[in-house]
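Architecture at a glance
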Amino acid sequence: DIDIRENFKDFDIGLMSGFGFDFDTSRSSRLGIHFYCSWGFVDVAAEGDTDTRHKQVGLLMNLYFDL
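Just so we're clear, the structure is a prediction, and the values are computed from it rather than from any experiment. (Residues numbered from 1 in each chain as written. Predicted model: local features only at pLDDT ≥ 70, side-chain atom pairs only at ≥ 80, totals over all residues. Heavy atoms only, no water.)

Concerning the side chain of S29
In this fold, S29 is placed in strand β2 (residues 29-40). Here S26 takes part through its side chain, which lies 2.8 Å from a polar atom of the side chain of S29. With residues up to four places along the chain from it excluded, the contact list for S29 reads F23, D24, Y64 and F65. (Helix = DSSP H or I, 4+ residues; strand = E, 2+ residues; numbered from the N terminus. Polar contact = N/O pair within 3.5 Å; in protein donor to acceptor, adjacent residues only side chain to side chain. Contact = heavy atoms within 4.5 Å.)

With respect to a nonpolar patch on the surface
On the surface, F19, F21, F23, F35, V57, L59 and M61 cluster together to form a nonpolar patch covering roughly 760 Å² of accessible area. Going through the elements one at a time, β1 (14-26) and β3 (55-65) are the ones with two or more residues in the nonpolar patch. With respect to the element layout, F23 can be found in strand β1. Classification of F23 by relative accessible area gives partly exposed; the value is 43%. (Patch = residues over 30% accessible without salt bridge, like charges linked within 9 Å, V, L, I, M, F, W, Y side chains within 5 Å. Areas by Shrake-Rupley, 256 points an atom, 1.4 Å probe, with all protein chains shown as cover. Salt bridge = Lys/Arg side-chain N within 4 Å of Asp/Glu carboxyl O. Buried < 20%, exposed > 50% of the residue type's maximum accessible area, 1.4 Å probe, protein only.)

Structural notes on the sheet that holds β1
To summarise the sheet geometry, strands pair through backbone hydrogen bonds and adopt either a parallel or an antiparallel arrangement. The strand order across the open sheet formed by three strands is β1-β2-β3, and the pairing between neighbours is antiparallel. Among the strands making up the open sheet, the edge pair consists of β1 and β3. Between one strand axis and the next, the sheet turns by 15° as a mean value, whatever way the strands run. Sheet topology note: the β1/β2 ladder contains 12 bridges and is antiparallel. Its bridge partner lying in β2, F21 is registered against I33. (Pairing = 2+ DSSP bridges. Axes fitted to C-alpha atoms, helices over the stretch in contact; angles between N-to-C directions.)

What about the pattern of salt bridges?
Taken as a whole and judged by the stated rule, the model has one salt bridge. For R53, the salt bridge goes to D43, with nearest N and O atoms at 3.6 Å. Here D43 lies in the loop between β2 and β3 and R53 lies in the loop between β2 and β3, a separation of 10 residues in the sequence. Look at R53 and you get partly exposed, because its relative accessible area is 38%.

The quantities given are spatial measurements derived from coordinates; they are silent on function.
Set out below in structure tokens:
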């Protein structure tokens, strides 16, 4: 058995930022488009590797319905 948890640190902290827009598509629904980015401040590898910070970019599309 291999436990990969010993290769990573237990703690990470970072920053997430984004923006989005909602558009009315009808009387009872809306379309949402959202963009976000996140950056980790801590190298998550336990030792050895450098620049193993979390980095993420995303695009979300949502369709909302009023019930």
